[in-house]
Amino acid sequence: MISPARCSARSEPPLLEAGGRELSEAVIAVHADFELDRLSHGLFFYAIIYNQARESPMAHAPDVLICEVGPRDGLQNLDVFVPTEAKCALIDTIAAAGIREIDAGSFVPPKVVPQFADVDAVMAHALTHKTATIGALVPNVKGAERAIAAGVDAIYFVISASETHNRANVRRSIEEQLDGFRAVRAAIDAGPADQRPHLMGAIATSFGCSLEGEVSEAAVCRVARGFAGAGADEIGLADTVGYATPKLIRQIVEAVRREVGSQMTLRLHLHDTLGAGLANAVAGLDAGIRRFDAAVSGLGGCPFAPGARGNIVTEDLVFMLERMGLSTGIDLDRLMQTREILARHIPAQHLTGHLHEAGIPKVLRRAA
């Protein structure tokens, strides 16, 4: 069985793998090696299925995969340092709620983003959770080497479709950053095939930029083409400053899919600056997207994108998807408990969410 903490290079994240093959092999082995009566066969196979359901996060893959970015994107823009113990407790609660992918931190110099001065300790703790893919953002190959050494399951690498924002974010041109991505791909491929983290190329300001204004479809497709050609396993389209509209979401998703082909997995990273976050998520669903980034309590914002507000609220997104009949595998009651952890260290004005204000309706006390 493929471990949830590992996947081969250029493969789908292991969360999408099914467990059916392993069960079939187990059934064959039992028939070959044991002589059991009909009742014993039934009980034995029931035990196999029950244990796989308990032990394997892949047993029932959700309709929509949500990556929780609160521990990284959610905290990076704060002017207060969240203690290491609180970050670890946040990740524990997120994992316990059934989140299957967690963006747990960023391997950047502390002088650039002081919030992640403790990233090594936080990442080591996060990786003890074997039911979730644990990822990290890296700005360059040095960060990637640290992430690989830490044993992360996924690496996120950002290039902006806006030249101005890209230079503000990483002090490089888009072409220079593409060269950096190629170096990250090479660093990953230098390792054992069964230990290579999944590599996602994220395109910041895909739907607009607070520095340049409108970003052209061609500019987004240019970076998508570069990512695909350099060996990205997945491409993320980020509404970094929250300027997207449902119409623009559909337009850009369709354009990128035409550019890189339908075989490339796409995800959306949405912010709620202008209040259109959930509407944009629905537009993404209509365009075939089944992977979304979100942050508990709507935390987030880019320190190098003036005016950027928080991510779409994970709790609200889960509630909406489940009411639409799309499973997420997430326990809302447990997920709501993250607010208590955050409220002890983060000012209330940074915490939002309709579900926190209204409470979970009785019609959906538990999403999982």
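Residues numbered from 1 in each chain as written. Predicted model: local features only at pLDDT ≥ 70, side-chain atom pairs only at ≥ 80, totals over all residues. Heavy atoms only, no water.

Trainee: Would you mind going over helix H5 (residues 119-126) with me for this structure?
Mentor: Note: α-helices contain 3.6 residues per turn, so residues at a spacing of three or four share the same orientation. Along H5, the residues classified as buried are Val-119, Val-122, Met-123 and Ala-126. The buried residues of H5 occupy an angular sector of 95° when the element is viewed end-on, so they sit on one face. Those residues of H5 that are buried are in contact with helix H4 (84-96), strand S2 (101-106), strand S3 (133-138) and helix H6 (141-150). (Buried < 20%, exposed > 50% of the residue type's maximum accessible area, 1.4 Å probe, protein only. Helix = DSSP H or I, 4+ residues; strand = E, 2+ residues; numbered from the N terminus. Arc of directions from axis to C-beta. Contact = heavy atoms within 4.5 Å.)

Trainee: Any chance you could explain the packing of H4 against H5 here in plain terms?
Mentor: Between two packed helices, the angle of one axis relative to the other and the distance separating the axes together describe the packing. Look at H4 against H5: their axes get within 10 Å of each other, and the N-to-C directions meet at 25°. In terms of their interaxial angle, H4 and H5 are classed as roughly parallel. Seen from above, H4 lies across H5 with right-handed handedness. Facing Thr-84, Lys-87, Cys-88, Ile-91 and Asp-92 of H4, the residues of H5 in contact are Ala-121, Val-122, His-125 and Ala-126. (Axes fitted to C-alpha atoms, helices over the stretch in contact; angles between N-to-C directions. Parallel < 35°, antiparallel > 145°, perpendicular 65-115°, else oblique. Left-handed = near helix turned anticlockwise from the far one by under 90°.)

Trainee: How do you make sense of unusual backbone geometry when you look at a structure like this?
Mentor: Leave glycine aside and you will find that most residues have negative phi; peptide bonds, for their part, are mostly trans. Of note, the phi angle at Thr-205 is positive, near 50°, even though the residue is not glycine. Residues other than glycine seldom take positive phi values, yet Ser-297 does so here, at roughly 60°.

Trainee: Is there a simple way to explain the nonpolar core in this structure?
Mentor: One broad trend across soluble globular proteins is that nonpolar side chains are buried collectively. Ranked by internal contacts, the top residues of the largest apolar core, which has 101 residues, are Ile-235 and Leu-237. Here Ile-235 is in contact with Met-200, Gly-201, Ile-203, Ala-224, Phe-227, Ala-228, Val-260, Met-264, Thr-265, Leu-266 and Arg-267, once residues within four sequence places are set aside. (Core = buried A, V, L, I, M, F, W, Y, C linked by side-chain atoms within 4.5 Å.)

Trainee: Is there a simple way to explain the packing of aromatic side chains in this structure?
Mentor: The way to describe two aromatic rings as a pair is by their centre distance and the angle between their planes. If you walk through the whole model with that rule in mind, you get two aromatic pairs. Geometrically, the ring pair formed by Phe-157 and Phe-181 is edge-to-face, given 5.5 Å between the ring centres and 65° between the ring planes. Placement of the pair is Phe-157 in strand S4 (residues 154-160) and Phe-181 in helix H8 (residues 174-189), with a sequence separation of 24 residues. Take Phe-157: its relative accessible area is 0%, and that puts it in the buried class. Look at Phe-181 and you get buried, because its relative accessible area is 0%. Ring geometry for Phe-181 and Phe-227: centres 4.7 Å apart, planes at 70°, overall edge-to-face. (Phe/Tyr/Trp six-rings, centres within 6.5 Å; stacked < 30°, edge-to-face > 60°.)

Trainee: What is the right way to look at the side chain of Asp-331 in this model?
Mentor: Among the structural elements, Asp-331 can be located in the loop between helix H12 (314-323) and helix H13 (332-336). When its relative accessible area of 6% is taken as the criterion, Asp-331 is described as buried. Within the local environment of Asp-331, its side chain forms a polar contact with the backbone nitrogen of Asp-333, the two atoms lying 3.0 Å apart. (Polar contact = N/O pair within 3.5 Å; in protein donor to acceptor, adjacent residues only side chain to side chain.)

Trainee: Just to check I follow, could you spell out the packing of helix H11 (residues 277-286) against H12 for this structure?
Mentor: Remark: H11 packs on H12, axes separated minimally by 11 Å, with the N-to-C direction vectors making an angle of 45°. Classified by the angle their axes make, H11 and H12 are oblique. For the element pair H11 and H12, the recorded crossing hand is right-handed. In this structure, H11 contributes Leu-278, Ala-281, Val-282 and Leu-285 to the contact, and H12 contributes Asp-316, Leu-317, Met-320 and Leu-321. In the contact of H11 with H12, the residues fall into seven nonpolar, no polar and one charged. (Nonpolar A, V, L, I, M, F, W, Y, C, P; charged D, E, K, R; others polar.)

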